[in-house]
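Observations on the three-dimensional arrangement
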Amino acid sequence: MDDKSNKKQGERKRRKPGPLDHFAEIGGELKKWRDSAGAQEDSKGRIVTPGGANSTFQDLLHISASINSTLNLQELLRKIVDSVIRVTDCDRGFLMLRNEKGDLTFAIARSKDEKDLDEKCFEISQTIARETADTGEPVVVDSVQNHETYRDQESIVDLEIKAAYGLPLKFEDRLVGVIYVDSNRISQRLTDTDLSIIRSFGAQAAVAIENAKKHGELEHSVQDLKKQLAGQFDFSGIIGRSKALQEVIDTIKRIAPVSSNVLIQGESGTGKELVARAIHHNSHRKDKVFYPINCAAIPESLLESALFGHLKGSFTGADADRKGAFETANGGTIFLDEVAEIPRSVQAKLLRVLQDGEIQRIGSDATINVDVRIIAATNKNLMKEVREGKFRDDVYYRLNVVPIRMPPLRERPADIILLSEHFLERYSKLNDKKRPILTSEAKKRLLNYNWPGNVRVLENLMERIVALHEEGKIIDAPEVEKLLGIEGAGKAVLEKSSLKEILDAYESQFIRKTLMTNSWNVTKAAQVLGISRQVLHNKIRKYNLSAEG
């Protein structure tokens, strides 16, 4: 034999036995038992033994299939104990598992008729179980009454136990648990072959238990992940202790279980979509679709199709049938953000959904029924829009079944520092950095700021603090002012001669800062400022603002 062969043979000798080795081991023991007992296959392929010998072989085949048929730990433990009781012809048994600390803890107890038993029924079994665990070998007490250790114990006499066995469950030389069974009848004594087979079964059972544990841990991890994802949209995602915000949360709790339409009004950046998601997540529709659609971001000519869908060929560019938002959200919730931007021509079709739960795709006469909860939001005074003839009153009243007003951040001073710390913590973790520290003066500056962009701007500020500064940096007031773009702004504004000039100068500086913060994205900046894109374009021209300076 060459050196390479010797090396491979040595590696095989040193390798620890794995799960497949345990299956091979039990297979070998079964073959030896079959040969020694003269077992043969009958006409139906079943293994039989001459003269009606015991059915250990058939039982173990059944056991092998049984314990590998489930990954539910509790169900598996029942199958294992029931199987050992049946194979040993005992009356009852229990199983203890080793915990992370190395202690044996009660897992399950069973009777011969496959019923659960109470742990207190096994006063003596724990002693045998611990001996089994300590030695790592089966403990066989064929005649308890003749055994020096157990024959005088009161429980032995009371229960009239005649035989007891302990079986270790070992996986890769590590004790997983112990099985104990006993009987108050004199049954056939286990042979060396029987014990060898049962020992191999113990190894197989240990593998099955480890697999079931890992499956349980995976299931637990999946559930934890679901809870974490759900937590993004439950009440824990709405940060604040202020009375104004708590009133919003109380409203969400009351209305989430029903299907009434909701109208959320508030300035840009106050968290209207977060509230809409919280309502959906806490409703009976939470397992269905939540479909957000920004009505201001879709061109007027395409909005009707986006909401209600269209048929192929119904207009130029309609090269295929398309479902709209309401069909897609059927059974769930649709969130109509910036609902005030829906043109009156489309509002008529929206009214039909609100009244009758029916839609029609563009180009179709067919009516489609939908079951959708509608949550709408706007940063405008929608009642004012109704008075000015810009928004239909019938649509308004059907949307405004449950009104929610989102308070601006300036009305929630008690939440400003809480939110700041929350965002600093979040973005520090995302970037694997030590969290910056705000000084008391920096916090005062945050409290004194008017926050025209509300929580969105505050979050943006905290993210920039984390991104631009080294880990654990102390952030003082001047740094906050610089990042907010208000450094020296007050003096420059007050140097103007008239109130109009002062207001124009402040507005110009604030619009420039908002545009810079949003990378000169006019749509985003308009949302933060709470004005339309057209109004913002007009002001950019008025103040001659540009990205170049």
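Our subject in this report is the structure included herewith. Here, residues in each chain are numbered from 1, in the same order as that chain's written sequence. Totals for whole chains, interfaces and linings use all residues, but because this is a predicted model, local features are given only for residues with pLDDT of at least 70 and pairs of side-chain atoms are given and counted only at 80 or more. The side-chain numbers reported here are obtained from all heavy atoms of the structure, hydrogens and water having been left aside.

**A look at the overall build of the chain**
This is how it is decided: Secondary structure is summarised from DSSP: a helix means a run of H or I of at least four residues, a strand means a run of E of at least two, and numbering begins at the N terminus for each. The rule is simple: take the accessible area with a 1.4 Å probe, protein chains only, and divide by the maximum for that residue type; under 20% is buried, over 50% is exposed, in between is partly exposed. Here, two residues are considered to be in contact whenever any of their heavy atoms come within 4.5 Å of each other. Per-residue and other accessible areas were derived by the Shrake-Rupley procedure at a 1.4 Å probe size, with only the shown protein chains allowed to occlude residues.
Counting secondary structure elements, the chain contains 22 helices and 16 strands. Within the span of the chain, comprising 549 residues, buried residues form 43% of the whole. The long-range fraction of contacts in the chain, counting pairs at least 24 apart against all pairs at least 6 apart in sequence, stands at 66%. Carbon and sulfur atoms form 48% of the exposed surface of the chain, whose accessible area is close to 29300 Å².

**Comments concerning the nonpolar core**
Most often, soluble globular proteins keep nonpolar side chains buried together rather than apart. The condition is simple: Nonpolar cores are built from buried Ala, Val, Leu, Ile, Met, Phe, Trp, Tyr and Cys residues. Side-chain atoms within 4.5 Å join them into one set.
In this structure, F326, I334, L336 and V339 are the most contacted members of the largest nonpolar core, which totals 31 residues. Per-element accounting of this core gives the leading share, five residues, to helix α12 (residues 344-356). For I334, the residues in contact, after removing those within four places along its chain, are Y291, I293, A325, F326, A329, V372, R373, I374 and I375. Membership of the second largest hydrophobic core comes to 29 residues, among which are V87, A163, I179 and V207.

**Quick look at the packing of aromatic side chains**
Threshold: Working definition: a ring pair exists when centres of Phe, Tyr or Trp rings (six-membered ring for Trp) sit within 6.5 Å. Plane angles under 30 degrees give stacked, over 60 give edge-to-face, the rest tilted.
Under the defined criterion, the tally for this structure stands at six aromatic pairs. Ring geometry for F94 against F106: centres 6.3 Å apart, planes inclined by 20 degrees, an arrangement best described as stacked. Within this pair, whereas F94 is found in strand β3 (residues 92-98), its partner F106 is found in strand β4 (residues 104-111), the two being separated by 12 residues in sequence. For F94, a relative accessible area of 3% corresponds to the buried category. Seen from their ring centres, Y449 and W451 are 4.7 Å apart, and the 90 degrees between their planes marks the pair as edge-to-face. Here Y449 matches W451 in class, with each residue buried. Connected via pairs of aromatic rings, a cluster forms that spans F94, F106 and Y180.

**Describing unusual backbone geometry**
Although it is not a glycine, D89 adopts a positive phi angle of roughly 60 degrees. As for its placement among the helices and strands, D89 is situated in the loop between α4 (73-88) and β3. Positive phi is not limited to glycine here, since W451 has a value of about 50 degrees. Mapped onto the secondary structure, W451 falls in the loop between α16 (440-448) and α17 (454-468).

**A closer look at the packing of α16 against helix α18 (residues 477-484)**
Test applied: Note on geometry: axes are C-alpha line fits, over the in-contact stretch for helices, and angles between N-to-C directions span 0 to 180 degrees. All residues other than Ala, Val, Leu, Ile, Met, Phe, Trp, Tyr, Cys, Pro, Asp, Glu, Lys and Arg, Gly among them, are scored as polar; the first ten of these are nonpolar and the last four charged.
Two elements in contact, α16 and α18, have axes separated by 7 Å at closest approach and are oriented at 35 degrees. Counting all contacts with α16, which are made through E441, A442, R445 and L446, the residues of α18 involved are A477, V480 and E481. For the contact of α16 with α18, the per-class residue count stands at four nonpolar, no polar and three charged.

**A few points about the side chain of T514**
Relative to the helices and strands, T514 is located in helix α20 (residues 499-517). Discounting chain neighbours no more than four positions away, the residues touching T514 are A525, V528 and L529.

**Quick notes on α18**
Given 3.6 residues to a turn, an α-helix orients residues that are three or four positions apart in the same direction. Rules: Throughout, the arc means that of the directions going from the helix axis to the C-beta atoms.
Looking at α18, one finds that the buried residues are A477, V480, L483 and L484. End-on view of α18: buried residues confined to an arc of 130 degrees, all on one side of the axis. Phi for G485, located one or two positions after α18, is positive at around 75 degrees.

**Remarks on the pattern of salt bridges**
What counts here: We count a salt bridge whenever a side-chain nitrogen from Lys or Arg sits within 4 Å of a carboxyl oxygen from Asp or Glu.
In total, this model carries 28 salt bridges according to the counting rule given. Between R405 and E411 there is a salt bridge, with the nearest N and O atoms lying 3.0 Å from each other. The residue E441 makes a salt bridge to K444 at a minimum N-O spacing of 3.4 Å. On the criterion of helical spacing, the pair formed by E441 and K444 is a turn pair, its members being three residues apart in helix α16. Residue E441 is classed as partly exposed on the basis of its relative accessible area, which comes to 40%.

**With respect to the packing of helix α15 (residues 413-430) against α17**
We count it as follows: In what follows, roughly perpendicular refers to angles from 65 to 115 degrees, roughly parallel to angles under 35, roughly antiparallel to angles over 145, and oblique to any angle outside these ranges. What makes a crossing left-handed is the near helix being turned counterclockwise from the far one by less than a right angle; a clockwise turn instead makes it right-handed.
Contact geometry of α15 with α17 gives a least axis separation of 9 Å together with a crossing angle of 45 degrees. Classified by the interaxial angle, the pair formed by α15 and α17 is oblique. The interaxial crossing formed by α15 with α17 has right-handed handedness. Here I416, L419, S420, F423, L424, R426, Y427 and S428 of α15 lie close against α17, whose contacting residues are V455, L458, E459, M462, E463, I465 and V466. Grouping the constituent residues of the contact of α15 with α17 by class yields 10 nonpolar, two polar and three charged.

Remember, this is a structural readout, not a statement about activity or role.
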